[in-house]
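One letter stands for each residue in the lines below.
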Amino acid sequence: EEEGISTGSRYGGPFYKRVVNDAMSDTATYTFIMPALTEAAMLASDGLLYDLNKLVNLENPWWSKEFNDSVTIAGKTYFAASDITTVSVASTMCVIFNKEIEKKYELAKGYGYESLYEMVDKKAWTQDVFFEMSRIYADTNENFMIDPEDTCGISAQHNVIYWLLRSGGINVCTLNEEGYPSLTVKNERAISLINKAQEFAQDPAGGMIIADDWKTDGGSPAVQTFIDGRCLFLFNALSALDTVRTMEDDFGVLPCPMFDDTQDNYTNNVGAWTSNCIAVPTFVRDEDLELTVHLLEALAAVSRSKLTTTYFEQTLQYQISRDDESMKMLDLINDTRVPDLSEMYRWGKMMQTIADLRTGALGTFVSAYDA
């Protein structure tokens, strides 16, 4: 049986408190949990999670190797993703674009390419291109202010600069030779990227619409701007595809843009607030561990052929995607999705510090980092 716990807070909320209380009282009736990454990081920090390397074979094909390697610290993997954790796929960042607007302005052709898909294949899909193409802002409702009723280039959320940092192939923290993490984001490449993104976010000509500024009980008007055909790029998670699937204008899917063409691969961040994972609490008794291991391996193996096929191939690729190129892009996004340790563990509160630069004074990242 599965028990779901509804929680609006990932930092010490009902789910986290339930696991901690069960550990203290020895009253748990479950053998594994599926927390959000932020909750998993808190429980790992509390010493309440097994190292999964000692329990399951994470080299099996139904475990997400690149994802799991990125959450491993000093050779220990306290939580992992597999074919069971479809939410971790849905929490992966991407760019959804309006084909009608792209064709109207001949944006790809302006760079000498037939399509944005070709630009991705040629590694020409960079953040400079992303910004320049987005300069199509028009004050549609003529009220002399940027709002969801206007025509805009990008609809995103408050932490858009952090997403761009990650899509630029930059980790907020990296592991040393012993596998221990340290903050390494204060470097020339990161500073250049952040400054450029900060300038664009505050440039009225870019017309960036931030969903967090327009949240209502009925959803996000900023996302509705894209659905209504007045926005070129929706910079959001793959889960947004289910929201835009009914829009009249044709749309396509792209990976998050590279910082520049010297980057080795595309990188698509997995949101620690929404992504789930698998973990085994240390209070699971020894006599129950063998059953737990068999259960996890069996669920993951079956999910590889059943759940992944249904969710990723049938739903995302065949039902929601509107062209073969988008299907290929989804494979690319899925193959290059990685979370960041700093976002999960909130080390130095770097993710929030970088996100806040959207409205902060230009060129203040270094001083914010030092603080």
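Our subject is the structure listed above.
Residues numbered from 1 in each chain as written. Predicted model: local features only at pLDDT ≥ 70, side-chain atom pairs only at ≥ 80, totals over all residues. Heavy atoms only, no water.

> Mind showing me how you'd approach the nonpolar core here?
A general feature of soluble globular proteins is that nonpolar side chains tend to end up buried together. Counting 52 residues, the largest nonpolar core has Trp125, Phe130, Met133, Leu165, Val185, Phe233 and Phe235 as its most contacted members. Ignoring any residue separated from it by four or fewer positions in sequence, one finds Met133 in contact with Leu107, Ala108, Tyr111, Leu116, Met119, Trp125, Leu232 and Phe233. By size, the runner-up hydrophobic cluster in this structure holds 29 residues, among which are Phe15, Phe67, Phe79 and Cys277. (Core = buried A, V, L, I, M, F, W, Y, C linked by side-chain atoms within 4.5 Å. Buried < 20%, exposed > 50% of the residue type's maximum accessible area, 1.4 Å probe, protein only. Contact = heavy atoms within 4.5 Å.)

> Is there a simple way to think about the sheet that holds strand E7 (residues 251–254) in this case?
The 5 strands lie next to each other as E5-E2-E6-E1-E7, forming an open sheet whose pairing is mixed. Either end of the sheet is taken by a strand with one partner, and the two such strands are strand E5 (209–210) and E7. Two strands pair when backbone bridges link them, and strand E2 (residues 152–156) and E5 are joined in this way by 2 bridges, in the parallel orientation. From the neighbouring strand, Ser155 faces E5, where its bridge partner is Ile209. (Pairing = 2+ DSSP bridges. Helix = DSSP H or I, 4+ residues; strand = E, 2+ residues; numbered from the N terminus.)

> Please clarify how the pattern of salt bridges should be interpreted in this entry.
Applying the stated criterion across every chain, the model contains 16 salt bridges. Across the salt bridge formed by Arg304 and Asp83, the nearest N and O atoms sit 3.6 Å from each other. Of this pair, Arg304 sits in helix H12 (residues 286–305) while Asp83 sits in the loop between helix H3 (65–70) and helix H4 (86–90), and the two are 221 residues apart along the sequence. Under the relative-accessibility criterion, Asp83 is labelled buried at 11%. In this structure, the salt-bridge partner of Asp260 is Arg189, at a minimum N-O distance of 3.3 Å. Of the two residues, Asp260 is situated in the loop between E7 and strand E8 (268–269) and Arg189 in helix H9 (residues 188–201); the sequence distance between them amounts to 71 residues. With a relative accessible area of 22%, Asp260 lands in the partly exposed category. Connected via shared salt-bridge partners are Lys99, Asp250, Arg322 and Asp323. (Salt bridge = Lys/Arg side-chain N within 4 Å of Asp/Glu carboxyl O.)

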